[in-house]
Amino acid sequence: MQYFEFNCDGLIGPTHNYCGLSFGNVASNANKNSQSNPLMAAKQGLNKMKQLSDLGLKQMVLAPQERPSIEALRQLGFSGSDEKVLCQAAKQAPALLANVSSASSMWTANAATVCPSPDAQDGKVHFTPANLSDKYHRAIEASQTSKILKATFQDERYFVHHDALPQVSQFGDEGAANHTRLCSRYGDAGVQLFVYGRDGFDPSQPAPLKFPARHTKQASEAVARLHQLAPEKTIFAQQNPAVIDAGVFHNDVIAVGNKNLYLYHEQAYLDTPRVMAQLQQSFGEQKLYAIEVPTCAVSIEAAVNSYLFNSQIISLNDNTMAIVAPSECEQMPEIKSYLDSLITSDNPIAEVIYRDLRQSMRNGGGPACLRLRVVLNEQEASGINQACVMTPELFSTLDSWIDKHYRDRLSPADLGSSELLNEVRTALDELTQILKLGSIYPFQR
Ligand code: SUG
């Protein structure tokens, strides 16, 4: 049976804005309070999906979450009509309103950790939504993410949906941003590399000093257990605390893999040589392209500013890969020259595709943040919601939907407007029909 990688990209929601909510994420902090362009953001994301789909890759769309979340504000004590809740929050607690208005569900690499069927003992595809417990604006995504994943990967014969881990910092889980599956062919049993920032239960272990380590060892271990992974093909590695303090808030800001290729920075881990030796050992006799990027070629600062490692590496066919890099990489001479040398050296990457994703990048989200990878075989693929699969028709429907409903500028001060709330709800209501999701949003119930 043939296996494929599906890239599930988050459709960027109509409240995309810059409120500087993510301490430890350099871009989010730097762009705090600037004006965003939700229309342009959504189109930049959608155009990436179209390009990958045009290249023959399997591409899906995951719906955004309802924001502002009136439900979350009610939980925090605001009451009355939806308009009153919004208006009170805008006046009395603008910081809370910013948190419940973030379009952060676009970064679907943080939506869940996914285990394809060849790796799980029960032969099913497992999903664990990430609790994202380190940041309130992200933690409120988990329950809705679970509903969206269930509405997208529907057939219970193939898909197992676990609950998110307990919502406490000891089990902080940031999903696939800290997880990479390596394999020779997608249908082979893969090696799963789980990366965490700290030990959630033992504060005497190494941890960053300045910025939070969002993801814990115990979260990674729990997900590996839930997904029924073979211990000899599962690796747990700790991120280098010093790079977290330099702005590497997720492992996908310092390493990226596809199939049997792993591109990583020499400073990525607490003990990088050990991690690579374990990876090589789990890979056995099979060929692994382990490409180490030295600090003398790319500094940590340049990695964080360019988001080189947040590129997507994709397979164009059995032997050739391309790297989908943010356009910032093309503009930084040292990164451009690194990528030029990468495609001419001995590895399967033959092409660089630069993409303008600036709206998302300004919040610390590059090409790889915007997608969740799900490896499926043909039979499993028949059990997904087909209305979410990217086609030329779906592209043009969504493109017009964005034109119809999205604003081309939004400032933090606009978030309290009831017109915006109505615009968002009208848009999302129409979207649930386009993507055949049923009534998944709180305002629809
Ligand atoms: O969690 N930014 C996101 C970016 C997530 C990137 N994802 C991966 N690396 N996989 C975050 O920090 C910023 C929102 C704001 O500041 O308004 C934000 O949430």
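Structure: see above.
Residues numbered from 1 in each chain as written. Predicted model: local features only at pLDDT ≥ 70, side-chain atom pairs only at ≥ 80, totals over all residues. Heavy atoms only, no water.

Asks: Where do I start with the site of the ligand in this structure?
Replies: In the region of the ligand, 21 residues are neighbours, and L21, S28, H137, D252 and C369 sit closest. Interatomic distance of 2.7 Å between a side-chain N/O atom of H137 and an oxygen atom of the ligand. Protein chains bury 100% of the 480 Å² of accessible surface belonging to the ligand in isolation. The site holding the ligand turns out to be the second largest cavity. (Near = heavy atom within 4 Å. Polar contact = N/O pair within 3.5 Å; in protein donor to acceptor, adjacent residues only side chain to side chain. Areas by Shrake-Rupley, 256 points an atom, 1.4 Å probe, with all protein chains shown as cover. 1 Å grid on protein atoms, 1.4 Å probe; cavity = no way out; pocket = protein on both sides within 12 Å on 5 of 7 lines; lining within 4 Å. Sits in = over half its atoms within 2 Å of the grid points.)

Asks: Help me understand empty space enclosed by the protein, please; the structure alone is not making it clear to me.
Replies: Gaps left between atoms show up when a probe the size of a water molecule is rolled over them. For the coordinates displayed, the defined rule picks out six cavities of 30 Å³ or more. Space inside the largest cavity adds up to approximately 320 Å³. A176, H179, T180, R181 and R373 are the residues nearest the centre of the largest cavity, which is lined by 25 residues in total. Of all the secondary-structure elements, those providing two or more residues to the lining of the largest cavity are β6 (179-182), β9 (255-258) and β15 (371-377). It is β15 that provides the largest number of residues to the lining of the largest cavity, a total of five residues. Among the residues forming the lining of the largest cavity, the class breakdown is 14 nonpolar, five polar and six charged. Roughly 210 Å³ of internal volume is contained in the second largest cavity. (Points joined across faces, edges and corners; volume = space filled by probe spheres on them. Helix = DSSP H or I, 4+ residues; strand = E, 2+ residues; numbered from the N terminus. Nonpolar A, V, L, I, M, F, W, Y, C, P; charged D, E, K, R; others polar.)

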